[in-house]
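Listed here are the chains, written in short residue letters.
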Amino acid sequence: MSVVANGLKTFKAKLLGKEYNLKINNKVWINVQSKYGMTQKQFQEEADQNDVLQGIKFIMCVLDANGIEDITEDDLIEKADSVDIEMFLIAYNRVVNEKAGKALEEMTKGDDKGK
């Protein structure tokens, strides 16, 4: 089974009054490393301490990974609130968790045979 057999998942998110259709890809974590000097684990640990600031950084990395340049970090700081940030993260995580659940289900399909 190929890890990349399925195409990239997408999700819709509304930011500053505009809806975006965004791909979920690994460039997000490359952006986190290059822009903020943090590994994925370090980034997530920091998010436990300061979820809104890390959420803004994450959104910027997702936008950059999708080639979207019409929103700046300052725009999100000045024009978005914590609910806007959380709704974006929920939309992203919903698709990631759904894909992970399906992959796990596929991997364990044959585990129940013979019981």
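Just so we're clear, the structure is a prediction, and the values are computed from it rather than from any experiment.

Chemist: Is there a simple way to think about the overall build of the protein in this case?
Modeler: The helix and strand tally for the protein stands at five helices and two strands. The linear arrangement of helices and strands in the protein, starting from the amino end, is β-β-α-α-α-α-α. In the protein, which comprises 115 residues, the proportion classed as buried is 31%. When contacts within the protein are restricted to residue pairs at least 6 apart in sequence, long-range pairs at least 24 apart make up 60% of them. Element-wise, carbon and sulfur atoms account for 49% of the exposed surface of the protein, whose accessible area totals about 7,900 Å².

Chemist: How do you make sense of the environment of alanine 91 when you look at a structure like this?
Modeler: Mapped onto the elements of the fold, alanine 91 is located in helix α5 (residues 82-107). Those residues within four positions of alanine 91 in sequence are excluded, and the remaining contacts are Phe11 and Lys12.

Chemist: Sorry if this is basic, but what is going on with the packing of aromatic side chains here?
Modeler: Each aromatic ring pair is described using two quantities: the centre-to-centre distance and the angle formed by the ring planes. Counted under the stated rule, the structure contains six aromatic pairs. Taken together, a centroid distance of 6.4 Å and an interplanar angle of 40° make the contact between phenylalanine 43 and phenylalanine 58 tilted. With a gap of 15 residues between them, phenylalanine 43 in helix α2 (residues 40-49) and phenylalanine 58 in helix α3 (residues 51-65) connect regions that are remote in the sequence. The class of phenylalanine 58 is buried, set by a relative accessible area of 6%.

Chemist: Which parts of the structure should I look at to understand the nonpolar core?
Modeler: Burial of nonpolar side chains together is a common tendency in soluble globular proteins. Counting residues in each nonpolar core, the largest one holds 29 residues, and the members touching the most others are Phe11, Leu22 and Phe88. Ranked by the residues each element gives to this core, the list is headed by α3, at eight residues. Setting aside anything within four residues of it in sequence, one finds phenylalanine 88 in contact with Phe11, Ala13, Leu15, Leu22, Ile59 and Val62.

Chemist: How should I be thinking about the pairing of strand β1 (residues 10-15) in this particular structure?
Modeler: Residues in a regular strand project their side chains so that they alternate between the two faces of the sheet. The alternating pattern of β1 places Phe11, Ala13 and Leu15 on a buried face and Thr10, Lys12 and Lys14 on a face that is not buried. Judged from the six bridges that link them, β1 and strand β2 (residues 18-23) form a sheet pairing that is antiparallel. Counterpart to lysine 12 in the pairing with β2 is asparagine 21. Hairpin remark: β1 followed by β2, antiparallel, with two residues in the connecting loop; positive phi at leucine 16, about 50°.

Chemist: Would you take a moment to explain the pattern of salt bridges for this structure?
Modeler: Should the charged atoms of two oppositely charged side chains come close, the side chains can pair. Using the criterion set out here, one finds two salt bridges in the structure. Among the ionic pairs, aspartate 70 bridges to lysine 18, the shortest N-O distance being 3.1 Å. You can see aspartate 70 sitting in the loop between α3 and α4 (73-79) and its partner lysine 18 sitting in strand β2, a full 52 residues away along the chain. Residue classification places aspartate 70 among the partly exposed residues on the basis of a relative accessible area of 43%. For lysine 79, the salt bridge goes to aspartate 75, with nearest N and O atoms at 3.6 Å. In this pair, lysine 79 and aspartate 75 both sit in helix α4, four residues apart, roughly one turn of the helix.

Basis of the calculations
- Residues numbered from 1 in each chain as written.
- Predicted model: local features only at pLDDT ≥ 70, side-chain atom pairs only at ≥ 80, totals over all residues.
- Heavy atoms only, no water.
- Helix = DSSP H or I, 4+ residues; strand = E, 2+ residues; numbered from the N terminus.
- Buried < 20%, exposed > 50% of the residue type's maximum accessible area, 1.4 Å probe, protein only.
- Contact = heavy atoms within 4.5 Å.
- Areas by Shrake-Rupley, 256 points an atom, 1.4 Å probe, with all protein chains shown as cover.
- Phe/Tyr/Trp six-rings, centres within 6.5 Å; stacked < 30°, edge-to-face > 60°.
- Core = buried A, V, L, I, M, F, W, Y, C linked by side-chain atoms within 4.5 Å.
- Pairing = 2+ DSSP bridges.
- Salt bridge = Lys/Arg side-chain N within 4 Å of Asp/Glu carboxyl O.

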